[in-house]
Amino acid sequence: MAIEFDPTKLKQIRKRLDLTQSSFAKEAGVSQSLIAKIEAGRIDPTFSNAKKIAQATERLSHREERKAEELMTRDVISAKPAESVTDIVSLMSRRSISQIPVMDGNKVIGLVSESGLLEARLKKPLSDLKVRDVMSEAPPIVAPNTPVSAVMGLMRYFPAVLVTKDGAINGIITKSDLIKNALK
């Protein structure tokens, strides 16, 4: 594996990680004076030191990434398969939500979404349907410590992602949650 490290960018990277030279040096296993000299452009690091710095940068970048539990909405509203679609539409409207997981006991079996409701409406009046008639496949489920980048990857294919811990649903992440949190 090739290690990419541009010494001229070290200060910028370190500041983005919100670390002092001393704390970054400690994480990388090098001296603070080496970091200062590299940032000042006075020396080029040896390959072994460049490798240590690159690995520390990679490790720290992932550690700083936000996790699913930081973005999720904790109050998860769910539907039962036999519920009336008109009741669910009313609930979605009142609560300003765009999708609801469908639960059979403690098991997630599907998802009711705005797009699914619109498609169903083209075939039959919604008043004639139950949740089981309009639900799509169950959304993906992730752990609370899943990096946001992984959640964003799933959101390209699914309208929501559920967050579970110890088998219980702790939260839901929707595209609007990602957009809201992009500003933070």
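Residue numbering note: each chain is counted from 1, following its sequence as written. Reporting in this predicted model follows two pLDDT cut-offs: at least 70 for local features of residues, and 80 or more for side-chain atom pairs to be given and counted; totals over whole chains, interfaces and linings ignore these cut-offs and use all residues. Excluding hydrogens and water, the side-chain figures rest on all heavy atoms present in the structure.

A. Region of interest: the sheet that holds strand β4 (residues 160-165). Taken in spatial order, the three strands line up as β3-β4-β5 in an open sheet, and their pairing is mixed. Only two strands of the sheet have a single partner each, and these edge strands are β3 (141-142) and β5 (168-174). Two strands form a pair only when DSSP identifies at least two bridges running between them. Numbering of helices and strands runs from the N terminus, with a helix taken as a DSSP run of H or I at least four residues long and a strand as a DSSP run of E at least two residues long. Where β4 lies against β5, six bridges are found, and the strand directions are antiparallel. Note that in β5 the partner of V163 across the bridge is G171. Residue contacts are defined here by distance: any two heavy atoms, one from each residue, within 4.5 Å place the two residues in contact. Here an axis means a line fitted to C-alpha atoms, over the contact stretch when the element is a helix, while the angle between two N-to-C directions is reported on a 0 to 180 degree scale. Sheet contacts for helix α9 (residues 148-155): β3, β4 and β5; angle to β4, the most-contacted strand, approximately 135°.

B. Region of the structure containing the pairing of strand β2 (residues 107-113). For β2, the buried fraction is high: five of the seven residues fall into the buried class. Taken together, strand β1 (residues 99-104) and the strand that follows it, β2, pair antiparallel across an intervening segment of two residues, in which G105 is found at a positive phi of about 70°. Categorising residues by exposure relies on relative accessible area from a 1.4 Å probe, with only protein chains included: less than 20% of the type maximum marks a residue as buried, more than 50% marks it as exposed, and the intermediate range marks it as partly exposed.

C. Focus on the packing of helix α2 (residues 21-28) against helix α3 (residues 32-40). Two numbers describe how α2 lies on α3: the axes approach to 8 Å, and their chain directions differ by 110°. By the angle class used here, α2 and α3 are roughly perpendicular. The two elements α2 and α3 meet at a crossing, and its hand is right-handed. Along its contact with α2, which presents Q21, S22, F24 and A25, the element α3 presents Q32, I35, A36 and E39. Side-chain classes follow a simple rule in which Ala, Val, Leu, Ile, Met, Phe, Trp, Tyr, Cys and Pro form the nonpolar group, Asp, Glu, Lys and Arg form the charged group, and the remainder, Gly included, forms the polar group. Looking at the contact of α2 with α3 residue by residue, the classes come out as four nonpolar, three polar and one charged. The cut-offs work like this: below 35 degrees is roughly parallel, past 145 is roughly antiparallel, 65 to 115 is roughly perpendicular, and the gaps in between are oblique. Handedness of a crossing is defined here by the sense of rotation of the near helix relative to the far one, left-handed for an anticlockwise turn of less than a right angle and right-handed for a clockwise turn.

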